[in-house]
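Survey of secondary and tertiary structure
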Amino acid sequence: MKSLLHFLLFCTIFISCIATAKAQESYMVHIDKPYYIAGEKIFYKLYYPEVKATAVIRVLLIDSNNNIVQDLYSESTNSSYLASCIPIPFNYTSGNYRLAFNSNYKNAGQEMEVNLAEIDIPIYNDLTAGVLEESEVDLSSTMIRNDIESTLRIDANLNNPTFSTREQVQVDAAIKLENGQVVSNASVSVAVIPKMIEESTDDGFEYMSMGQRFEGSILPFLSEQVYVKGIVYNRGDRPVRLNVIGAYADQYRSMQYTKSNTEGEFTMMLPGLKGSQLVQFLPYEQEIKDFKIKLTPPVISEPQASSLVFNEDIAHVLEQSKNRKKINQYFNRETIETNISSRKETTSNEKSDVTFVVSEYEKFDQLYDFFSELITPLTFKKVKGEMVASMNNPKSSLAVATALPGNPLFIIDGQLTRNAEYAGKVKMSNIESIELIYSPDKLRKRFNVLGLSGVVIVNTITPVFDFPRADSDDIFRLNGLADQCTFDVFSSSSAMENIPHFQSTIYWNPDLLTDSNGNLQFNFDHTDDKGEFTIVIISQDKEGNRGIQTLDYSVSANVIK
């Protein structure tokens, strides 16, 4: 009996350990090289633990002073990874930057922003490299350095150890577990860079990093939409719990909604928000007349103080970069070319109930004059010397038009106000068109409770900038989904023979998969760059096993006829 109990206890502990081990997950990031030069692009791949139908990841670039210099979102669909790039402006100063990947986690009433992974991004400005002092600082203890626990074996071979410029390089690889079992459908990313740059890992630089381990699977509960977090206050600067907080972006031409908790904290989902957009937050007048919004900064780790490494090898790479830029400028080429996939705009196709083309009503001075003199669903009048607006629904099922409750919502050049005095004074000569929405079904669909009083959309010829302070304080410029970019692979067959082609990253491909036998083959045309080069191969299977392998080859000049 005791033996049976011991056996059952052993099985329980063993199964519990297995479950705990499988429940743990971490995120791995691979970048195309260990350091960058201003004007280049950071190509990255964030490996997920498994496939997710849709994932929206917040991508942050943070400078050495812990300031967020880029904050954008990127989306993956039916994938086990996210791959794109971030451009580095030419005016960035030299320093140790970081690339962070965040997402919003929501499950069982718990909601928070989580940091999935970070990696150090040393950036050098080759135009100001002369002010850098040579230093051989050991960064292994100060920079983000999480070595892969390699549980995959990558056997890779080149078709030749030496090549000529513009010659095709072919690599055959087989990926197996440590026990020799082949791994099918393993996700693979490949980078090809000068060996001198790859060897900077000896100084503490890295081209991959592991994020923290999470207890339990969080991937299914990560955000599938662009999000923004904040705290809402009343005009007495006290956090308030609200059931209705609206957010409007002119891209939507409709309203998004959320609510705040007892601490005033909220998370607003902005589905499909694209590029840089003005987003305005709006209160529900039945609940609170006015409020103030303070956006919550992203979750990032504390910086680890470290000096930027600068030595003879890096100085040589920077000099090559300056020469490459001169050549590219002479031949009118970018430093690194990319393919940009533009996203479709997410906008409402709903038509307004009535549209007035203002050029047909030139005799009126102000918007107030127009709607106070003509019979329309929108009416203006003065009460105690102040302009007051109201809207009615002439399509009501009742015998007479139904008056809509409250003050109409004016949307002037994408900015919202219920200030009838301000809206009424807009010059008709500066208005292109006016749209009225009063039908309950249209108001509910596009604006819900914040549109119950009717909506007036004013499109001006020259944008109006003196917007009411009470409204403009709740307008923020937010970045949404960035356009996806892919590495533009060099092709010797399409390149002109008399124009040299140089680039610091020879090849980058984050989208490779092994076949059913665990095999993989890829090839690329080498550029006009000469010397020693390293191929970095990183892989992850669907069980979360990971591996890394490097191959070296050399390139000599090919005679151009």
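Structure shown above.
Everything numeric in this text was worked out from a predicted model, so none of it was measured. (Residues numbered from 1 in each chain as written. Predicted model: local features only at pLDDT ≥ 70, side-chain atom pairs only at ≥ 80, totals over all residues. Heavy atoms only, no water.)

1. Remarks on the pairing of strand E31 (residues 531-540)
Along any regular strand, the residues point their side chains to alternate faces of the sheet. Let me state the cut-off plainly: Only protein chains enter the calculation, and the probe is 1.4 Å; a residue is then buried if its accessible area is under 20% of its type maximum, exposed if over 50%, and partly exposed in between. Comment: elements are numbered from the N terminus, with helices defined as DSSP H or I runs of at least four residues and strands as E runs of at least two. Only strands that DSSP links by at least two bridges are regarded as paired with each other.
Taking burial as the measure, the 10 residues of E31 include 8 buried ones, the bulk of the element. Looking at chain direction, strand E10 (residues 187-194) and E31 are connected through 8 bridges and run antiparallel. When the bridges of E31 are listed, Pro194 appears paired with Phe533. As defined by bridge partners, E31 adjoins strand E32 (residues 546-556) across 10 bridges and the pair is classed as antiparallel. The partner of Ile535 across the bridge, within E32, is Leu551. Between E31 and E32, which pair antiparallel one after the other, the connecting turn spans 5 residues, and Gly544 there sits at a positive phi close to 90 degrees.

2. A closer look at the state of the cysteines
The following threshold applies: Disulfides are defined as cysteine sulfur pairs within 2.5 Å.
Evaluated as defined, the whole model comprises 1 disulfide. At a sulfur-sulfur separation of 2.0 Å, the disulfide partner of Cys85 is Cys485. Of the two residues, Cys85 is situated in strand E4 (residues 68-87) and Cys485 in strand E28 (residues 484-487); the sequence distance between them amounts to 400 residues. Summarising the burial analysis for this pair, Cys85 and Cys485 share the class buried.

3. Some words on the sheet that holds strand E30 (residues 519-525)
Threshold: The axes used here are C-alpha line fits, helices contributing only the stretch in contact, and every angle between their N-to-C directions lies in the interval 0 to 180 degrees.
Taking strand neighbours across the sheet as the criterion, the 3 strands line up as E7-E9-E30 in an open arrangement whose pairing is antiparallel. Edge positions in the sheet fall to strand E7 (152-158) and E30, since each of these pairs with one other strand and no more. Each adjacent strand pair in this sheet contributes to an overall mean axis angle of 20 degrees, direction not counted. Direction of pairing for strand E9 (residues 168-177) relative to E30: antiparallel, over a ladder of 7 bridges. When the sheet's bridge partners are listed, Asp172 is paired in E30 with Gln521.

4. Some points on the side chain of Gln251
Quick note on the threshold: Residues adjacent in sequence count toward polar contacts only when both atoms are side-chain atoms; beyond that, a polar contact is any pair of N or O atoms within 3.5 Å, and within protein one must be able to donate a hydrogen and the other to accept it.
Its location among the elements puts Gln251 in the loop between strand E13 (245-249) and strand E14 (254-258). Side-chain polar atoms of Gln251 contact the side chain of Gln277, separated by 3.2 Å.

5. Overview of the environment of Asn261
To be explicit about the condition: What makes two residues a contact is simply this: any of their non-hydrogen atoms within 4.5 Å.
Looking at where Asn261 falls in the secondary structure, it is placed in the loop between E14 and strand E15 (265-269). When its relative accessible area of 28% is taken as the criterion, Asn261 is described as partly exposed. Along the sequence, Asn261 and Asn243 sit 18 residues apart, while their C-alpha atoms lie 8.6 Å from each other. Apart from residues lying up to four places away in sequence, Asn261 is in contact with Val240 and Arg241.

6. Structural notes on the packing of aromatic side chains
What counts is decided by this rule: Working definition: a ring pair exists when centres of Phe, Tyr or Trp rings (six-membered ring for Trp) sit within 6.5 Å. Plane angles under 30 degrees give stacked, over 60 give edge-to-face, the rest tilted.
Going through the model one piece at a time under the given rule, you end up with 24 aromatic pairs. Ring centres of Tyr248 and Phe447 lie 6.4 Å apart, and the angle between their planes is 15 degrees; this geometry places the pair in the stacked category. Separated by 199 residues along the polypeptide, Tyr248 in strand E13 and Phe447 in the loop between helix H6 (440-446) and strand E26 (455-460) bring together distant segments of the chain. We classify Tyr248 as buried; its relative accessible area is 1%. Judged by relative accessible area, Phe447 falls into the buried class, the value being 0%. Measuring from ring centre to ring centre gives 6.0 Å for Phe380 and Phe410, while their planes differ by 40 degrees; the resulting arrangement is tilted.

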